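# Commentary on secondary and tertiary structure
The primary structure of each chain is shown beneath.
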Amino acid sequence: MTLREAQDTVDEWIKTIGVRYFNELTNMAILTEEVGEVARIIARRYGEQSEKESDKSKDLGDEMADVLWVLICLANQTGVDLTAAFQKNLEKKTVRDATRHRDNEKLQ
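Summarised in this report is the structure supplied together with it. These figures come from a predicted structure and were not determined experimentally.

Across all of its chains, the model carries 1 aromatic pair by this definition. Between Trp13 and Trp69 the ring centres are 5.2 Å apart and the planes differ by 85 degrees, which places this aromatic pair in the edge-to-face class. Taken together, the positions of Trp13 in helix α1 (residues 3-16) and Trp69 in helix α3 (residues 60-78) put the pair 56 residues apart, joining distant regions of the chain. Since its relative accessible area comes to 36%, Trp13 is described here as partly exposed.

Laid out in structure tokens, this is it:
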């Protein structure tokens, strides 16, 4: 599925099943909450903090998909074409960071 297809799929789901989009501020709060859930799993599963028994069954991929879903909702609501935005962002990083990481002694 392309980013464009994902945006169209989410939009269709919202209009047929979800009734309507939550407003942008609500979705921003939901996005923050979902990112926090991903952070919790990463911190406990891969970091130094012990994982609670109740968190061991959490699916990291599912939580990341929740983040993507809400991000797509926000893109749809604000008129952002994620394909174009991602391509532009990749080009920016490629020019800006052409040698930055290769020359970073911390990454050697």
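Back to the text.
For the pair α1 and α3, interaxial distance at closest approach is 9 Å and the crossing angle is 85 degrees. For the element pair α1 / α3, the angle class is roughly perpendicular. Contacts from Arg4, Ala6, Gln7, Val10, Asp11, Trp13 and Ile14 in α1 reach Trp69, Ile72, Cys73, Ala75 and Asn76 in α3. Looking at the contact of α1 with α3, its residues break down into 8 nonpolar, 2 polar and 2 charged.

Definitions and limits used
Residues numbered from 1 in each chain as written. Predicted model: local features only at pLDDT ≥ 70, side-chain atom pairs only at ≥ 80, totals over all residues. Heavy atoms only, no water. Phe/Tyr/Trp six-rings, centres within 6.5 Å; stacked < 30°, edge-to-face > 60°. Helix = DSSP H or I, 4+ residues; strand = E, 2+ residues; numbered from the N terminus. Buried < 20%, exposed > 50% of the residue type's maximum accessible area, 1.4 Å probe, protein only. Axes fitted to C-alpha atoms, helices over the stretch in contact; angles between N-to-C directions. Parallel < 35°, antiparallel > 145°, perpendicular 65-115°, else oblique. Contact = heavy atoms within 4.5 Å. Nonpolar A, V, L, I, M, F, W, Y, C, P; charged D, E, K, R; others polar.

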